[in-house]
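Examining the three-dimensional arrangement
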Amino acid sequence: MAIRELKVCLLGDTGVGKSSIVCRFVQDHFDHNISPTIGASFMTKTVPCGNELHKFLIWDTAGQERFHSLAPMYYRGSAAAVIVYDITKQDSFVTLKKWVKELKEHGPDNIVMAIAGNKCDLADIREVTFKEAKEYADSIGAIAVETSAKNSINIEEVFQGISRKIPPLDPYENGEIGAMKLGRPSLQSTNRCC
Ligand SMILES: Nc1nc2c(ncn2[C@@H]2O[C@H](COP(=O)(O)OP(=O)(O)OP(=O)(O)O)[C@@H](O)[C@H]2O)c(=O)[nH]1
């Protein structure tokens, strides 16, 4: 089974739950007292996707404004970005739109974008409706999911959604049809990983 390494970055306001989402996805753990990220942190997780294994190389960026200038290092070469907002904070949705704009202007072509409305366990104090987020996501061709890192809701689904949007490797390029590769004119690989 072919293993593909897919660089994924998480972007969004401070406190929206980026590290908590990564922690839940990779370690199935939630920490109420998690500290704000300094710079960025890195984790990996490998999941099956059809005939492939997707090894996510996950860069969790710091949301504090003073770290904003570091972000290009992490979204550069990324196959996907998970842009997170807090459903109880309209401001964090405004910040999300700024990240999308920056990715469109300076991010990799064809980067897969997933919009995660985190803290959906706090729906009784929500400020952003799912309808608003979904309409925005549709307008930019992104996946839209509401998540709760705390209650483990839709965390796997964010990454499964990304996996589904990553085009499969060219079977000629990854050796699955090696015998036919010999007589085949060269094709560009569709692999968009880092
Ligand atoms: N209720 C609830 N709280 C959450 C959830 N996810 C994270 N939190 C809390 O929100 C706070 C911030 O979480 P972090 O994961 O550190 O947020 P972050 O986006 O990584 O923040 P920065 O590192 O500063 O960018 C912490 O107190 C978490 O416990 C969630 O799904 N529900």
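Here the structure is a predicted model, which is why all the values come from computation and not from measurement.

Overview of the site of the ligand
- What surrounds the ligand is a group of 22 residues, the closest being Gly-17, Ser-20, Pro-36, Thr-37 and Gly-63.
- Looking at the shell around the ligand element by element, the count peaks at 3 residues for helix H1 (residues 18-27).
- Split by residue class, the shell around the ligand holds 6 nonpolar, 12 polar and 4 charged.

Considering the sheet that holds strand S1 (residues 2-12)
- The strand order across the open sheet formed by 6 strands is S2-S3-S1-S4-S5-S6, and the pairing between neighbours is mixed. Lying at the two open borders of the sheet, with one neighbouring strand each, are strand S2 (40-49) and strand S6 (143-146). The sheet shows a mean angle of 25° between the axes of neighbouring strands, taken without regard to direction.
- Inspection of the sheet shows S1 paired to strand S4 (residues 80-86) by 5 bridges, in the parallel sense. Bridging from a neighbouring strand, Gly-12 pairs with Val-84 of S4.
- Contacting S1, S2, strand S3 (52-61), S4 and strand S5 (112-118), H1 crosses the sheet at an angle of about 40° to S2.

Let's talk about the packing of H1 against helix H5 (residues 155-165)
- Between H1 and H5, whose axes approach to 9 Å, the crossing angle comes to 85°. The pairing of H1 with H5 is recorded here as roughly perpendicular in orientation. Across the interface between the two elements, Ile-21, Arg-24 and Phe-25 of H1 pack against Ile-155, Glu-156 and Phe-159 of H5.

Considering unusual backbone geometry
- The phi dihedral of Asp-28 falls on the positive side, at around 50°, and the residue is not glycine.
- Considering the arrangement of structural elements, one finds Asp-28 in the loop between H1 and S2.
- Note on Asp-28: 10 C-beta atoms within 10 Å, which makes it exposed.
- Notably, Lys-119 is not glycine yet its phi reads approximately 70°, a positive angle.

Basis of the calculations
- Residues numbered from 1 in each chain as written.
- Predicted model: local features only at pLDDT ≥ 70, side-chain atom pairs only at ≥ 80, totals over all residues.
- Near = placed C-beta within 6 Å.
- Helix = DSSP H or I, 4+ residues; strand = E, 2+ residues; numbered from the N terminus.
- Nonpolar A, V, L, I, M, F, W, Y, C, P; charged D, E, K, R; others polar.
- Pairing = 2+ DSSP bridges.
- Axes fitted to C-alpha atoms, helices over the stretch in contact; angles between N-to-C directions.
- Contact = placed C-beta atoms within 7 Å.
- Parallel < 35°, antiparallel > 145°, perpendicular 65-115°, else oblique.
- Buried ≥ 20, exposed ≤ 12 C-beta atoms within 10 Å, placed from the backbone.

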